[in-house]
Amino acid sequence: MLPTLRQLQYLKLLAEHASFSRAAEAAHVSQPALSAGVQELEKILGAAVVERTRGNVQLTAVGVEAVRRAEDVLARTEDLVEAAKNAGKPLSGRFRLGVIPTVAPFLLPAKLPGLKIDYPALRLFIREDLTPRLIAGLKAGQLDAAVIALPYTSPGIDHARIGDDEILAAAPVGHPLAGTGPIPAGSLKAEDLILLEDGHCLRDQALAAFDIDPPKGDDVFAATSLHTLVQMVSSGLGVSFLPEMAVRAGLADMPGVVVRQISAKAPRREIVVAWRHGSSRAAEARLLAEALRLD
């Protein structure tokens, strides 16, 4: 016998909610029905997938591996259903798109109106999050595609190019680096920098481009968003990095902020649409990349 999709779904929900009652509620079944389904799965596998203790549900080693494989099976099954529904109708129906925070506010408002005109049957659900969580969502089948920035290495992920986005420097008026022309190589120092919080790929990509170690210590300023970062620069707290698409969108158009190119050979990040390798919606993800291409 093989596990059923319903049994795999029960296990996945149990892993997500760590509770039989909450998992049953999410599955829209009674708790005894969900429990029976999990028990039948254990019989088929010949091993326990959960440790049952009062008030707590803990996955066994077999359970952890089963959840990982169940997520892939369920994601591919959902792909199959969506592909069948939308056969011959590219970019129609539900499409779950993740976008990183340093791209979403600047790319989407410019591109979504045209996308809606070209693909009126498309129902786009957008989730803004950091790259590692978006990649995890792709692999778990929670997202159909994600707009991320390269370089970023993750096995099992394919991508299509949207375009390049130059990384610029933003300095307070009166700062030694608030001059004209490209900033000479070696002028940026770690102690002058204010950055996005750890976890934002723009932070890592900019620091890597200049071989700068991130500032350390409890007194380091770190922003949660580019909007906050620009406010901090405007207040004279230090120098930072901004993506060109944000500057073009007017993010740095405020008193006290000077934007400069960084060296003659400016660093860039590549913006792409990424999807899980083998996804049945790969062709649609490629179409989406074309629709979102940077001018």
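Note: the structure precedes this text.
So, a few notes on the structure that sits alongside this text.

Analysis parameters
Numbers given to residues run from 1 along each chain, matching the order in which its sequence is written. Reporting of local features is limited, given that this is a predicted model, to residues whose pLDDT is at least 70; pairs of side-chain atoms are given and counted only at 80 or more, and all residues count toward the totals for whole chains, interfaces and linings. Only hydrogens and water are set aside; all other atoms, that is, all heavy atoms of the structure, feed into the side-chain values. What counts as a helix is a DSSP run of H or I of at least four residues, what counts as a strand is a run of E of at least two, and both are numbered from the N terminus. Working definition: with a 1.4 Å probe on protein chains only, accessible area under 20% of the residue-type maximum means buried, over 50% means exposed, and in between means partly exposed. In what follows, residue pairs with any heavy atoms lying within 4.5 Å of each other are defined as contacts. Here the positive residues are Lys and Arg and the negative ones are Asp and Glu; neither His nor the chain ends is included. Just so you know, the charge point we use is NZ for Lys, CZ for Arg, CG for Asp and CD for Glu. Note on geometry: axes are lines fitted to C-alpha atoms, helical ones only across the stretch in contact, with angles between N-to-C directions running from 0 to 180 degrees. Orientation labels follow simple angle bins: below 35 degrees gives roughly parallel, above 145 gives roughly antiparallel, 65 to 115 gives roughly perpendicular, and whatever is left gives oblique. Residues are grouped as follows: Ala, Val, Leu, Ile, Met, Phe, Trp, Tyr, Cys and Pro are nonpolar; Asp, Glu, Lys and Arg are charged; all remaining types, including Gly, are polar. The salt bridge criterion pairs a side-chain nitrogen of Lys or Arg with a carboxyl oxygen of Asp or Glu, the two atoms within 4 Å. A cavity, in this analysis, means grid points on a 1 Å lattice covering only the protein atoms where a 1.4 Å probe fits yet has no way out; a pocket is instead an open set bounded by protein on both sides within 12 Å along at least five of seven lines, and a residue lines either one if it has an atom within 4 Å of a point. Grid points are joined across faces, edges and corners, and a volume is the space filled by probe spheres set on the points.

Across its full length, the protein chain carries ten helices and eleven strands. Dimensions along the principal axes, computed over C-alpha positions, put the protein chain at roughly 70 × 50 × 30 Å. Every one of the 295 residues in the protein chain was classed for burial, and the buried ones make up 46%. A separation of at least 24 residues holds for 72% of the contacts in the protein chain among residues at least 6 apart in sequence. If you average the places of the 32 positive and of the 34 negative side-chain charges in the protein chain, the two averages end up 6 Å apart.

The next thing to look at is the side chain of Glu-166. Looking at the element boundaries, Glu-166 is found in strand E6 (residues 157-172). Contact partners of Glu-166, with chain neighbours within four places excluded, come to Leu-242, Pro-243, Glu-244, Gln-261, Ala-266, Pro-267 and Arg-268.

Our next topic: the packing of helix H1 (residues 5-17) against helix H3 (residues 31-45). As a packed pair, H1 and H3 sit with axes 9 Å apart at the nearest point and diverge in direction by 110°. The angle between the axes of H1 and H3 places the two elements in the roughly perpendicular class. Across the interface between the two elements, Gln-7, Leu-8, Tyr-10, Leu-11 and Leu-14 from H1 touch Ala-33, Leu-34, Gly-37, Val-38, Glu-40, Leu-41 and Ile-44 from H3. Broken down by class, the residue content of the contact of H1 with H3 amounts to nine nonpolar, two polar and one charged.

What follows deals with the pattern of salt bridges. Within the structure shown, the criterion is met by 13 salt bridges. A salt bridge links Asp-144 to Arg-281; its shortest N-O distance comes to 3.6 Å. Taken together, the residues Asp-144 in the loop between helix H6 (131-139) and strand E5 (145-150) and Arg-281 in the loop between strand E11 (268-276) and helix H10 (282-291) connect sequence positions 137 residues apart. Note on accessibility: Asp-144 and Arg-281 belong to one class, buried.

Turning our eyes to something else, we now look at unusual backbone geometry. With an omega of 10°, the peptide bond between Leu-150 and Pro-151 qualifies as cis. With respect to the helices and strands, the residue Pro-151 is situated in the loop between E5 and E6. Of note in the backbone geometry, Ala-18 takes a positive phi value of approximately 55° without being a glycine. With respect to the helices and strands, Ala-18 occurs in the loop between H1 and helix H2 (20-27). With a phi angle near 60°, His-28 is a residue other than glycine that sits in the positive phi range. Inspection of the secondary structure assignment puts His-28 in the loop between H2 and H3.

Here the focus is the environment of Leu-11. Tracing the chain through its elements places Leu-11 in helix H1. As for Leu-11 and Leu-59, which are separated by 48 residues in sequence, their C-alpha atoms are 9.5 Å apart. Not counting residues up to four positions away in its chain, the partners in contact with Leu-11 are Leu-41, Val-49, Leu-59, Gly-63, Ala-66 and Val-67.

Considering the arrangement of structural elements, one finds Thr-60 in the loop between strand E2 (56-59) and helix H4 (61-85). Ignoring any residue separated from it by four or fewer positions in sequence, one finds Thr-60 in contact with Ala-48, Val-49, Val-50 and Glu-51.

A few words on empty space enclosed by the protein. Empty space among the atoms can be located by rolling a probe the size of a water molecule over them. Taken as a whole and judged by the stated rule, the model has one cavity of 30 Å³ or more. Forming the boundary of the largest cavity are Leu-195, Leu-196, Leu-202, Arg-203, Ala-206, Leu-229, Ser-240 and Phe-241. Put simply, the parts of the chain that give the lining of the largest cavity at least two residues each are strand E7 (195-196), helix H7 (201-209) and strand E9 (240-243). In terms of residue count, the dominant contributor to the lining of the largest cavity is H7 (three residues).

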